[in-house]
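A look at the structure
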Amino acid sequence: PNPVSNILNIKTESQQFDYSIYNVQGQEVLKSSSVKTSIIDVTSLPTGIYILKLASNNKTKSFKIIKQ
């Protein structure tokens, strides 16, 4: 769901993906490689707007997320 409070659920076609989360200043605030779970814990992030970049199967997509 978006906005998100603590847990971000991801649906991908791939079983494995990499992700990066950036704040509005473009700074990377969270990153993980070879993730095999569809859950990203964003509890540590302060309230605000972020960009989530997902990479899997040689494709990259970006999404705006709002942390409450």
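Figured I'd write up the structure that's included with this text. Small disclaimer: the values here were computed from a predicted structure and weren't measured. (Residues numbered from 1 in each chain as written. Predicted model: local features only at pLDDT ≥ 70, side-chain atom pairs only at ≥ 80, totals over all residues. Heavy atoms only, no water.)

Here we come to the overall build of the protein chain. Scanning the protein chain for helices and strands turns up 0 helices and 6 strands. The order of α-helices and β-strands along the protein chain, N terminus first, is β-β-β-β-β-β. Relative to the globule expectation of 11 Å for 68 residues, the C-alpha radius of gyration of the protein chain, 11 Å, shows essentially globular dimensions. Along the three orthogonal principal directions, the C-alpha set of the protein chain runs to about 30 × 20 × 15 Å. Within the protein chain, the proportion of its 68 residues that are buried is 29%. (Helix = DSSP H or I, 4+ residues; strand = E, 2+ residues; numbered from the N terminus. Rg over C-alpha atoms; globule rule 2.2 N^0.38 Å. Buried < 20%, exposed > 50% of the residue type's maximum accessible area, 1.4 Å probe, protein only.)

Working definition: an aromatic ring pair is given by the centre-to-centre distance plus the angle between the planes. Scanning the model with the defined rule gives 0 aromatic pairs in all. Positioned above the aromatic ring of Tyr22, the side-chain terminus of Lys53 is 5.3 Å from the ring centre. (Phe/Tyr/Trp six-rings, centres within 6.5 Å; stacked < 30°, edge-to-face > 60°. Lys NZ or Arg CZ within 6 Å of the ring centre and 35° of its normal.)

This part takes up unusual backbone geometry. The residue Asn57 is not glycine, and still its phi comes out positive at about 50 degrees. With respect to the element layout, Asn57 can be found in the loop between strand 5 (48–56) and strand 6 (59–67). For Asn57, a relative accessible area of 54% corresponds to the exposed category.

Further remarks concern the nonpolar core. Generally speaking, soluble globular proteins have nonpolar side chains that are buried together. Among the nonpolar cores identified, the biggest contains 15 residues, and Leu8, Ile10, Tyr19, Ile21, Ile40, Val42 and Leu52 are the most heavily contacted of them. Those residues in contact with Leu52, other than ones at most four positions away along the chain, are Leu8, Ile10, Tyr19, Ser20, Ile21, Ile40, Lys61, Ser62, Phe63 and Ile65. (Core = buried A, V, L, I, M, F, W, Y, C linked by side-chain atoms within 4.5 Å. Contact = heavy atoms within 4.5 Å.)

This part is about the sheet that holds strand 2 (residues 17–23). Read from one edge of the open sheet, 4 strands run 3-2-5-6, paired in antiparallel fashion. Taken across any chain shown, the strands that pair with only one partner, and hence form the sheet edges, are strand 3 (28–35) and strand 6. Taken pair by pair, the neighbouring strands of this sheet meet at an average axis angle of 15 degrees, ignoring direction. Here strand 2 runs beside strand 3; their pairing, made up of 5 bridges, is antiparallel. By the bridge assignment, Ser20 is partnered in strand 3 with Lys31. (Pairing = 2+ DSSP bridges. Axes fitted to C-alpha atoms, helices over the stretch in contact; angles between N-to-C directions.)

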